[in-house]
Structure formats: structure tokens, C-alpha cells
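Listed below are the residues making up each chain.
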Amino acid sequence: MPSTVQVRRATAEEVPQITKLMQEYYAASPVPNPFSVPAMTRYLKALTVPNNPRGTLLVALQPTTPPGQAIGGFAVAYLGYNTRALAPQVELADLFVTAAWRRQGAARKLIRGVAAYARQQQASRIIWQTRTSNVGAQTLYNEIATQETGWLHYAMEL
């Protein structure tokens, strides 16, 4: 993958390919998540709608690649609010780059795309987390962001 990678909001027509990437993303996770393909497809299509108040879906693509192979990664970002800053904040919920596209700048460009989206939303910051085992991603994240310390993250299943 040469440096011609572009990042932009995904289109509804690209969602079937992104759904396949989402399956690859979850299959490779230490915590696999089999999902309903129709439900995921509907959800991701909703994120392609401009000005969706929930968030956005971005893709990393190479325009010169044949259709069906052009997308090498995606980012899902949600718009929220930070009461400390009294300003919007964006959560980078999912970031995935296929193995063939890794270590070539696609993830960095996706994060820049999320930053551009966050600025458009007048957000004060972007937050995200990664698994402690994801050392490769941490190398990039440590270059471009400040690691928060002093916080424990919790989840409560409902």
C-alpha cells in the first residue's frame, strides 16, 4: 500500500465491505464478538449519514485499487460530552487496519480523520482505549497522544 491512502466518511455502498472488515477485526480480537451481519450493516449504514448526531464511520482507502479491495481500514467515532471541559468530546470506539495495510500510515491517517471530525464538532478532545496486549497500536498512540494515568476503566453489562 503506497502513501496514496485517503481517509473520508464511508458511504452506504461501502458498508458491506466494512462489515466484512468488522468481522475480521472481531475475529482477531482476544475477545471475539460474533455479530448479526444484518444488524451490523444497518448500524454502520446509519453512521454514514452526514450530520448523524451519534457519530461517524471513516474509511482508509486507496482510490487506485479495484472496487472491493480499496478499503484497508475503518474508524468508528462517537460524539459525546465532557463535563470537565464543558465541551463535546469524541470517543474513538473502533480502529482497524487490515494486516496488509499495517505499519504504512493508514491508522495514523484514520486518527487524523477522527481529529478532523472532532474539530468540526468543536470537541475538546478525543478519547480511546486499547487492550494492554495491543503493543503495536500503543507504539503509534504513544507518539500522537498522552496516555491517561490514574484512572481505572469499568464496564457494566446490561
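Criteria and thresholds
- For every chain, the first residue of the written sequence is number 1, and numbering continues from 1 along that sequence.
- Since the coordinates come from a predicted model, pLDDT governs what is reported: local features require at least 70, and pairs of side-chain atoms require 80 or more to be given and counted, while whole-chain, interface and lining totals use all residues.
- With hydrogens and water excluded, all non-hydrogen atoms of the structure serve as input to the side-chain values.
- Each helix corresponds to a stretch of at least 4 residues labelled H or I by DSSP, and each strand to a stretch of at least 2 residues labelled E; elements are numbered beginning at the N terminus.
- Only C-alpha atoms enter the radius of gyration, while the globule expectation follows 2.2 Å times N to the 0.38, with N the number of residues.
- Note on exposure labels: buried denotes an accessible area under 20% of the residue type's maximum, exposed denotes more than 50%, and partly exposed covers the range between, all computed with a 1.4 Å probe on protein chains only.
- Contacts are assigned to residue pairs with any non-hydrogen atoms lying within 4.5 Å of each other.
- Using a 1.4 Å probe, the Shrake-Rupley method yields the accessible areas, and only the shown protein chains count as cover for residues.
- In this tally Asp and Glu are treated as negative and Lys and Arg as positive; neither His nor the chain ends contributes.
- Here the site of a charge means atom NZ of a Lys, CZ of an Arg, CG of an Asp or CD of a Glu.
- Buried Ala, Val, Leu, Ile, Met, Phe, Trp, Tyr and Cys residues form a nonpolar core when they are joined through side-chain atoms within 4.5 Å.
- Any pair of Phe, Tyr and Trp rings, taking the six-membered ring for Trp, is counted once the centres come within 6.5 Å. Such a pair is stacked with planes under 30 degrees apart, edge-to-face with planes over 60 apart, and tilted for the rest.
- Two strands qualify as a pair provided DSSP detects at least 2 bridges between them.
- Nitrogen and oxygen atoms within 3.5 Å of one another constitute a polar contact, given that in protein one can donate a hydrogen and the other can accept it, and given that sequence-neighbouring residues count only through two side-chain atoms.
- Lines fitted to C-alpha atoms define the axes here, with helix axes fitted over just the stretch in contact, and angles between the N-to-C directions of these axes take values from 0 to 180 degrees.
- Here is the rule for angles: anything less than 35 degrees is roughly parallel, anything more than 145 is roughly antiparallel, 65 through 115 is roughly perpendicular, and the remaining ranges are oblique.
- By convention the crossing between two helices is left-handed if the near helix lies anticlockwise of the far one by an angle smaller than a right angle, and right-handed if it lies clockwise.
- Three categories are distinguished: nonpolar for Ala, Val, Leu, Ile, Met, Phe, Trp, Tyr, Cys and Pro, charged for Asp, Glu, Lys and Arg, and polar for the others, with Gly belonging to the last.
- Within this document, salt bridges are pairs made up of a side-chain nitrogen of Lys or Arg and a carboxyl oxygen of Asp or Glu, the two lying within 4 Å of each other.

(A) Geometry of the overall build of the chain. The number of helices and strands found in the chain is 4 helices and 5 strands. Element order for the chain, N to C, with α for helix and β for strand: β-α-α-β-β-β-α-β-α. At 16 Å, the chain has a C-alpha radius of gyration in line with the 15 Å of a compact globule built from 158 residues. Each of the three principal axes of the chain carries a C-alpha extent, and together these read 45 × 30 × 30 Å. When the 158 residues of the chain are sorted by exposure, 37% land in the buried category. In the chain, once contacts between residues fewer than 6 apart in sequence are set aside, the share between residues at least 24 apart is 62%. Roughly 10,000 Å² of accessible area belongs to the chain as shown, and the carbon and sulfur atoms make up 54% of that amount. Positive and negative side-chain charges of the chain, numbering 15 and 8 respectively, have mean locations separated by a distance of 4 Å.

(B) Examining the nonpolar core more closely. Counting 19 residues, the largest nonpolar core has Ala 75, Leu 95, Leu 110 and Val 114 as the members making the most contacts within it. When contributions to this core are tallied by element, the ones reaching two or more residues are strand 2 (55-61), strand 3 (71-82), strand 4 (87-97), helix 3 (106-120) and helix 4 (135-144). The element that contributes the greatest number of residues to this core is helix 3, accounting for 6 residues. For Leu 110, the residues in contact, after removing those within four places along its chain, are Val 7, Leu 58, Val 59, Ala 60, Gly 73, Phe 74, Ala 75, Leu 95, Phe 96 and Val 97. Ranked by size, the runner-up nonpolar core spans 18 residues in total, among them Ile 18, Leu 21, Met 40 and Val 76.

(C) Up close: the packing of aromatic side chains. The final tally for this structure, using the stated rule, is 6 aromatic pairs. Relative to Phe 96, the ring of Tyr 25 lies with its centre 5.5 Å away and its plane at 55°, an arrangement referred to as tilted. Pair noted here: Tyr 25 is in helix 1 (residues 15-28) and Phe 96 is in strand 4, with a separation of 71 residues, a long-range link. Each member of the pair Tyr 25 and Phe 96 is classed as buried.

(D) Spatial organisation of the pairing of strand 3. Where strand 2 meets strand 3, 7 bridges bridge the pair, whose relative direction is antiparallel. From the neighbouring strand, Thr 56 faces strand 3, where its bridge partner is Ala 77.

(E) View of the side chain of Gln 62. Here Gln 62 shows up in the loop between strand 2 and strand 3. On the accessibility criterion, Gln 62 (9% relative accessible area) is buried. A distance of 3.5 Å separates polar atoms of two side chains, one belonging to Gln 62 and the other to Thr 4.

(F) Region of interest: the packing of helix 3 against helix 4. As a packed pair, helix 3 and helix 4 sit with axes 11 Å apart at the nearest point and diverge in direction by 45°. Considering the angle they form, helix 3 stands oblique to helix 4. As for how helix 3 packs across helix 4, the hand of that crossing is right-handed. Residues Ala 107, Arg 108 and Ile 111 of helix 3 form the contact with helix 4, whose own contacting residues are Leu 140, Tyr 141, Glu 143 and Ile 144. A breakdown of the residues in the contact of helix 3 with helix 4 according to their chemical character gives 5 nonpolar, no polar and 2 charged.

(G) Looking closely at the side chain of Asp 94. Following the sequence through the fold, Asp 94 ends up in strand 4. Buried and without a salt bridge, Asp 94 has Arg 131 as its closest oppositely charged side chain, separated by 11 Å. Within the structure, Asp 94 has its side chain in polar contact with the side chain of Tyr 25 (distance 2.8 Å). Dropping the residues within four chain positions of it, Asp 94 is found in contact with Tyr 25, Tyr 26, Phe 74, Ala 75 and Val 76.

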